[in-house]
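The residues making up each chain are set out below.
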Amino acid sequence: MCGLFGIYGHDEAANLAYLGLHALQHRGQESAGITTSDGGRLHRHVAMGLVSERFSKETLSGLPGRAAIGHVRYSTSGSSELRNAQPFVFEYAHGGLAIAHNGNIVNAAEIRSRLERQGSIFQTSSDTEVIVHLLAQQREPDLLDRLTAALRQVQGAYSLLLLSEGKLIAARDPHGFRPLVLGRLRDSYVFASETCCFDLIEAEFIREIDPGEVVVADRVAVRSFRPFEPAPPRFCIFEHVYFARPDSFLNGRSVYRARERMGRRLAVEHPAPADVVVPVPDSGVPAAIGYSRESGIPLEMGLIRSHYVGRTFIEPQDSIRHFGVRLKLSPVRSVVDGKRLVVIDDSLVRGTTSRKIVTMLRGAGAAEVHLRISAPPTTHPCYYGIDTPTREELIASSHTGDEIRSYIGCDSLAYLSHEGMVGATSSPSGGAAEADRDAAGYCSACFTGAYPVPAGQPAEASSLVPLRRLRQ
Ligand code: SF4
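Reading the values: the criteria
Residues numbered from 1 in each chain as written. Predicted model: local features only at pLDDT ≥ 70, side-chain atom pairs only at ≥ 80, totals over all residues. Heavy atoms only, no water. Salt bridge = Lys/Arg side-chain N within 4 Å of Asp/Glu carboxyl O. Buried < 20%, exposed > 50% of the residue type's maximum accessible area, 1.4 Å probe, protein only. Helix = DSSP H or I, 4+ residues; strand = E, 2+ residues; numbered from the N terminus. Expected span 1.5 Å × (residues − 1). Polar contact = N/O pair within 3.5 Å; in protein donor to acceptor, adjacent residues only side chain to side chain. Patch = residues over 30% accessible without salt bridge, like charges linked within 9 Å, V, L, I, M, F, W, Y side chains within 5 Å. Areas by Shrake-Rupley, 256 points an atom, 1.4 Å probe, with all protein chains shown as cover. Contact = heavy atoms within 4.5 Å. Near = heavy atom within 4 Å. Nonpolar A, V, L, I, M, F, W, Y, C, P; charged D, E, K, R; others polar. Core = buried A, V, L, I, M, F, W, Y, C linked by side-chain atoms within 4.5 Å.

Novice: Would you mind showing me how to read the pattern of salt bridges here?
Specialist: Side chains that differ in sign of charge can pair as their charged atoms come close. For the structure shown, the criterion picks out 21 salt bridges. Put simply, Arg-223 and Asp-218 hold a salt bridge, and the shortest N to O gap is 2.5 Å. Taking relative accessible area as the criterion, Arg-223 reaches 33% and is therefore assigned partly exposed. Sharing partners across several salt bridges, the network here consists of Arg-257, Glu-260, Arg-264, Arg-293 and Glu-294.

What follows is the structure in structure tokens.
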């Protein structure tokens, strides 16, 4: 869960990187950083916190040069502290190099332990540093060759941006788990996790970086290389379900339209006897619009989200813990009082937030609450860069639908099917053959347990936490 932005060949590289990261802030709020190259030296500023809070006119003016890479971070590997803030910058035999990474290297611990036995000293606890050490060990004279030799040793998910004094390199792992797109802003080239930042800086979208592709931008040209053995594409379907911004296009699809179609299919698969469709804002809104259109039940904003609350990582003491969700969401009594609601959310992970929402809506007078989830049950953790909890904490991994409904306290609970989710991310005009091809092109391991790249052993059912602990 991180966001990347890069630009090559623009006089305002640092300012544009700042704007690009701003549009990617939803992908990570723990730290933000920009590194620029002035052609002879790299310049870096990283800080904990939000882009708008941690960059000023002064910090940006201290980042000269016509090329920049930037990163917003939400830690999935390595702890949340400044030493893990990216881009990392290091000096080695060939000069300076900066790296920014979105994804998760599943064999990082194994490689790190081997490198440490050989004498490497790591500065951070991030899996990204493994790539840095591997790259520095390579003997090839060209940076691209050193990078590909390093990447051949890692497994898992990576979309990467690297910046040397004279080159910007973008790389995507052979399965293409995490997104990476290429665009143009007049004579300069831009790279980003999502297309939404191109809209902000008025850059033109060119295309996605393909799985397994490496793109090099330098003074000569922009060139594409495919140095890895081809692998089946496995784009993360959770980007479409929840993670990406709805105004982005990913994997050739509008995120907004995919979510709206998920809502339409949910209405067909699981109708509800309700007077009003209520989205859980913000990510549940497009699916709720689809559910409302398909079912004919009017949509109303029965929950309002506060946009001035940060993530409630620390919910202080048990006695006031329940205020956490109320800080973010409030029920609208005039909408919900006396009504039968069908509440649309994009995912159900631990179940604790849904439980609080249902309690809140009943407290505001809702006559019935029918919960509909626009994705299948999340039963397995992600090893490829999305911060899902452990399997023990995923309520659907160890409890029946009725146990979960009873825990949440809703009148009925239903999920979109796997076929429905994949079908919604396919072209609306596509037939069954296209839907099958699309299903094969996605990773949906957190819903199925079918991991495309082996990574750890999922917990056995007997070791899962009983429901009563989740109720605490
Ligand atoms: Fe995405 Fe889930 Fe696959 Fe992780 S396991 S990459 S969240 S679909």
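Novice: I tried to follow helix 9 (residues 255-269) on my own but got confused; where do I start?
Specialist: Side chains of residues three or four places apart in an α-helix project in the same direction, reflecting 3.6 residues per turn. Look at helix 9: 21 Å from first C-alpha to last across 15 residues, which is about the 21 Å you get at 1.5 Å a residue. Looking at where helix 9 begins, the residue whose side-chain oxygen comes 3.4 Å from the main-chain nitrogen of Tyr-256 is Ser-254.

Novice: I keep staring at a nonpolar patch on the surface and nothing clicks. Help me out?
Specialist: A grouping of Leu-299, Met-301 and Ile-304 is seen on the molecular surface, where their side chains present a nonpolar patch of about 230 Å² in accessible area. In this structure, Met-301 sits in the loop between helix 10 (285-295) and strand 18 (303-305).

Novice: Just to check I follow, could you spell out the environment of Tyr-384 for this structure?
Specialist: Within the secondary structure layout, Tyr-384 lies in the loop between strand 21 (368-373) and helix 14 (401-408). According to the relative accessible area criterion, Tyr-384 is buried, its value standing at 1%. Counting along the chain gives 281 residues from Tyr-384 to Gly-103, while the straight-line C-alpha distance between them is 5.7 Å. Apart from the residues lying within four places of it in its own chain, the contact partners of Tyr-384 are Gly-103, Asn-104, Val-106, Ala-157, Phe-177, Arg-178, Cys-443, Tyr-451, Pro-452 and Val-453. Within the structure, Tyr-384 has its side chain in polar contact with the backbone oxygen of Val-453 (distance 2.5 Å).

Novice: What should I look at first to understand the site of the ligand in this one?
Specialist: Residues in close proximity to the ligand include Arg-178, Cys-236, Ile-237, Phe-238, Cys-382, Tyr-384, Ile-386, Cys-443, Ser-444, Ala-445 and Cys-446, which together make up its full environment. Elements with a contribution of two residues or more to the shell around the ligand: helix 8 (237-243) and helix 17 (445-448). Of the residues contributing to the shell around the ligand, the split by class is nine nonpolar, one polar and one charged.

Novice: Just checking my understanding: could you explain the nonpolar core for this structure?
Specialist: Side chains that are nonpolar tend, in soluble globular proteins, to be buried together. Counting 43 residues, the largest nonpolar core has Tyr-291, Ile-344, Tyr-384 and Met-421 as its most contacted members. Contributing elements (two or more residues each) for this core: strand 14 (235-236), helix 8, helix 9, helix 10, strand 20 (340-345), helix 15 (418-424), strand 23 (442-443) and helix 17. Ranked by the residues each element gives to this core, the list is headed by helix 9, at five residues. Judged by nonpolar contacts, the second largest core, of 29 residues, contains Leu-135, Leu-147, Ala-171 and Val-216.

Novice: Would you explain the side chain of Gln-138 in this entry?
Specialist: Within the fold, Gln-138 resides in the loop between helix 5 (128-137) and helix 6 (143-151). Relative accessible area serves as the criterion here: at 13%, Gln-138 is assigned to the buried category. At 2.7 Å, the side chain of Gln-138 forms a polar contact with the backbone oxygen of Leu-134. With residues near it in sequence (within four places) discarded, Gln-138 still touches Arg-146, Ala-149, Ala-150 and Gln-153.

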